[in-house]
Protein chains: 2
Amino acid sequence: MKQTRSNTDMASVAEKAEAKGPAGSQTLMRGLDIIDAVMDGPITLADLAAKLGLNRSTTHRLANALIERRYVTFMPRIGYQFGPKLLALGFLAQQRTDVVQVARPHLEALAAQTEDTVHLGVIEGDLALYLDKIPGRRRVEISSRVGERQPLTSTGLGKALLLDEAEARWRQLFERDQASGSPKADYAAWLERMKGYVEAERSFDLEENEDLIRCVAAPVRDASGRIVAAISVSSAAQYMADDRMQALTGDVRETAEAIGRDLGWSETAPTPRARTRRS
Amino acid sequence: MKQTRSNTDMASVAEKAEAKGPAGSQTLMRGLDIIDAVMDGPITLADLAAKLGLNRSTTHRLANALIERRYVTFMPRIGYQFGPKLLALGFLAQQRTDVVQVARPHLEALAAQTEDTVHLGVIEGDLALYLDKIPGRRRVEISSRVGERQPLTSTGLGKALLLDEAEARWRQLFERDQASGSPKADYAAWLERMKGYVEAERSFDLEENEDLIRCVAAPVRDASGRIVAAISVSSAAQYMADDRMQALTGDVRETAEAIGRDLGWSETAPTPRARTRRS
DNA sequence: CGCTGAATTCCATATTATGGACATGAGTAT
DNA sequence: ATACTCATGTCCATAATATGGAATTCAGCG
């Protein structure tokens, strides 16, 4: 190598650039960089080399290795593109991904940090289904149980699950939930609060579902950007003053996003905030 | 390196092994081997090293590079597993995959080889929708047009699309299609033929839809193993004697499978032949 | 409290990846 | 036709990079 080519020298040129890795795997890292680069759409060899800050020759060799493994495709006159292997791997991975298992460590961390009870749940039909629960370290017990179903519109978790839904569905569920007994609430006021929750990508439960229990919840999104689950931190109202709820928002959202990332979600993902308000 | 470690020496040990690639990217290839190995389920470092036929030290370094990039996950007491990056890439890739575009080169090759008209189609509601057509080199013209819809039960393409459906759906569609005019046919006979098509993963059209036009069709499966499209080779009956239809079966199925592979399908894929016979 | 079976770190070595230069090929303008 | 351009593909001497054996740490377990 005639020219000393240090990674840091060219860092300014490279876009995604290599976080140099555990050192001793430059070739692998560069190969993965190529996969990333190629995901932005068809690209020519020269552009690819420029984007990665490496020699065309090197880029060509690595790209061809990826082509042979079907991670990348090359079409003359078009350029390098993602390959079918990614479809196969993605599907395989999706099949073997279980929200509960993925979320566990994150929920435990959040519970340890807040000392309160943490829940994980999904939508099942018109109800929220609790999939997991890590009890808090406080004397007050939360009565929820894994496997239990709760109304969507009156629990923090449920409302987080509904954040992407159309207003029509909100109304429908709200009326259904109100019909079944619980203390009367005003739809207009509820709607206003929901709109605020949507903006904040986080919801509250202010003793609506259970007296003296308040909670902060946030939705979990998968690779498609869809809400596939939600998490919540619940505690007795005495530990959940308004300011604490505000303070918890950050932690809860961060945990929800961390779980999402483990499900393939990324901020720059498809349908990042495109609310799918149908019917 | 004290010990001469040539790729071919250890090829007997390695399972998936490296198809040595374009030489000059050993590290990348080994990294990709790790991804493959890890997709079979959680695995310890030692087992991983054994499976790939390389040193634990090397394996560890490469695996960690992949972990940093989120292609692989490590959980103590469990082992190395696929990582969330594969979910993200898979989803991204799926979003940008278009059957027509992917199928084109394969259809052209098949048309060139057979000299007959080749079609690509999908199910739309209760009909087969033609998405692409490569005209044959024979004097006889096939009247179909891209964008056109045809009955599912009387065309070769349509029957290929139905190969995984439940018998109940077959009957329902058959009766609906018969109602709308065409010459009467016997359901029992049709059913028997369909069962044969299912076994052969290929269907025929014996002048049912259009007089003097016969065709051979096969389904295209994506990464999930589901039938997402079908292709057919059509020609005038004079060029389509029974023996030629049998002979074409291989080519048509191979082309359909090649398209499927470009859509992420693999023979060892989930739901490979598990017929989803519901309702 | 010392095993056992794992992951992780270290470092001298030579194998592997590198990139400059050159070759080829397919459109396109002349 | 013929030269030009912009693209991908190939070669090979060089040195930087990846390698793996050995030593180390870590976490359960008996």
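Structural data are supplied above this passage.
A brief report on the enclosed structure follows. What you see is a predicted model, and the numbers here were worked out from it, not measured in a lab. (Residues numbered from 1 in each chain as written. Chains lettered and ligands numbered in written order. Predicted model: local features only at pLDDT ≥ 70, side-chain atom pairs only at ≥ 80, totals over all residues. Heavy atoms only, no water.)

Per the secondary structure count, chain A includes 10 helices and 8 strands. Taking contacts inside chain A between residues at least 6 apart in sequence as the whole, the part at least 24 apart equals 55%. Surface exposure of chain A reaches about 13,200 Å², of which carbon and sulfur atoms provide 50%. (Helix = DSSP H or I, 4+ residues; strand = E, 2+ residues; numbered from the N terminus. Contact = heavy atoms within 4.5 Å. Areas by Shrake-Rupley, 256 points an atom, 1.4 Å probe, with all protein chains shown as cover.)

With that settled, the discussion passes to the environment of Ile213(A). Residues and elements named next belong to chain A. Position of Ile213 among the secondary structure elements: in strand β7 (residues 213–221). In the structure, Ile213 is positioned 25 residues away from Gln238 in sequence and 8.7 Å away in space, judged by C-alpha atoms. Beyond its immediate stretch of four places on either side in the chain, Ile213 contacts Ile142, Asp205, Leu206, Glu207, Ser234, Ser235 and Ala236.

What follows deals with the pairing of strand β3 (residues 117–124) of chain A. Residue and element names in this part refer to chain A. Buried residues dominate β3, accounting for 6 of its 8 residues. The pairing of β3 with strand β4 (residues 127–134) spans 7 bridges and is antiparallel. Directly across from Ile123, in β4, lies its bridge partner Ala128. The loop that links β3 with its antiparallel partner β4 comprises 2 residues; one of these, Gly125, has a positive phi angle of about 65 degrees. (Buried < 20%, exposed > 50% of the residue type's maximum accessible area, 1.4 Å probe, protein only. Pairing = 2+ DSSP bridges.)

Let's shift gears to the packing of helix α2 (residues 26–38) of chain A against helix α3 (residues 45–52) of chain A. Residue and element names in this part refer to chain A. Look at α2 against α3: their axes get within 10 Å of each other, and the N-to-C directions meet at 120 degrees. It follows from the interaxial angle that α2 and α3 lie oblique. Crossing geometry of α2 relative to α3 is assigned as right-handed. Seen from α2, the contacting residues are Arg30, Asp33, Ile34 and Ala37; seen from α3, they are Leu48, Lys51 and Leu52. Across the contact of α2 with α3, the residue classes tally to 4 nonpolar, no polar and 3 charged. (Axes fitted to C-alpha atoms, helices over the stretch in contact; angles between N-to-C directions. Parallel < 35°, antiparallel > 145°, perpendicular 65-115°, else oblique. Left-handed = near helix turned anticlockwise from the far one by under 90°. Nonpolar A, V, L, I, M, F, W, Y, C, P; charged D, E, K, R; others polar.)

Residues and elements named next belong to chain A. Strand order in the open sheet formed by 6 strands is β5-β4-β3-β8-β7-β6, with antiparallel pairing between adjacent strands. Either end of the sheet is taken by a strand with one partner, and the two such strands are β5 (149–151) and β6 (203–206). Strand-to-strand twist across the sheet, computed as the mean angle between neighbouring axes with direction ignored, equals 35 degrees. In this structure, β6 lies alongside β7, joined through 4 bridges in antiparallel fashion. Opposite Ser203, over in β7, you have Ala217 as the bridge partner. Strand contacts of helix α10 (residues 242–262): β6, β7 and β8 (227–236), with the helix running at about 25 degrees to β7, the strand carrying the most contacts.

Another aspect to go through is empty space enclosed by the protein. Residue and element names in this part refer to chain B. One pass over the full model with this rule turns up 6 cavities of 30 Å³ or more. A volume near 70 Å³ is recorded for the largest cavity. Residue lining of the largest cavity: Glu201, Ala218, Pro219, Val220, Arg221, Arg253, Ala256, Glu257, Gly260 and Trp265, and that is the complete set. (1 Å grid on protein atoms, 1.4 Å probe; cavity = no way out; pocket = protein on both sides within 12 Å on 5 of 7 lines; lining within 4 Å. Points joined across faces, edges and corners; volume = space filled by probe spheres on them.)

The next subject is the sheet that holds strand β7 (residues 213–221) of chain B. All names here are of chain B. Reading across the sheet, the 6 strands line up as β5-β4-β3-β8-β7-β6 and stay open at both edges, with antiparallel pairing between neighbours. Both outer strands of the open sheet, β5 (149–151) and β6 (203–206), are each paired with one neighbouring strand and no more. Pairwise comparison of adjacent strand axes, ignoring direction, gives a mean angle of 35 degrees for this sheet. In this fold helix α10 (residues 242–262) packs onto β6, β7 and β8 (227–236), with an angle of close to 25 degrees to the strand it touches most, β7.

Rotating chain B by 180 degrees and moving it 0.0 Å along the rotation axis overlays it on chain A with an RMSD of 0.0 Å. Accordingly, the operation relating the two chain copies is best matched by a two-fold axis. Residue by residue, 98% of the interface of chain B is reproduced at the interface of chain A, so both copies engage with the same surface. (Least-squares fit on C-alpha atoms with pLDDT ≥ 70 in both.)

Moving on: α10(B). Residues and elements named next belong to chain B. The terminal C-alpha atoms of α10, which comprises 21 residues, lie 30 Å apart, in line with the 30 Å expected from a rise of 1.5 Å per residue. Along α10, the sharpest kink reaches roughly 30 degrees, centred on Leu248. Of all the residues in α10, the buried ones are Met245, Leu248, Thr249, Val252, Thr255, Ala256, Ala258, Ile259 and Gly260. In this fold, the buried residues of α10 make contact with α6 (99–114), β6, β7 and β8. Backbone geometry just after α10 places Gly264 at a positive phi near 100 degrees. (Expected span 1.5 Å × (residues − 1). Bend = angle between axes of the 7 residues up to and from the residue.)

Attention now goes to the interface of chain B and chain A. Contacts between chain B and chain A engage 49 residues on the former and 49 residues on the latter. Carbon and sulfur atoms make up 66% of the surface buried where chain B meets chain A, a total of about 4,400 Å² over both sides. Contact with chain A buries surface across chain B, with Leu28(B), Arg69(B) and Leu87(B) losing the most and accounting together for 15% of the total. If you look at where chain B meets chain A, you find 8 salt bridges. For the salt bridge of Asp262(A) with Arg70(B), the shortest nitrogen-to-oxygen distance reads 3.2 Å. Linking chain B with chain A are 16 residue pairs in polar contact (both at pLDDT 80 or more), by the criterion used here. Those elements giving two or more residues to the side of chain B that touches chain A turn out to be α2 (26–38), α4 (56–68), α5 (84–95) and α10 of chain B. The biggest single contributor to the side of chain B that touches chain A is α5(B), with 12 residues. (Buried area = accessible area lost by both parts, 1.4 Å probe. Salt bridge = Lys/Arg side-chain N within 4 Å of Asp/Glu carboxyl O. Polar contact = N/O pair within 3.5 Å; in protein donor to acceptor, adjacent residues only side chain to side chain.)

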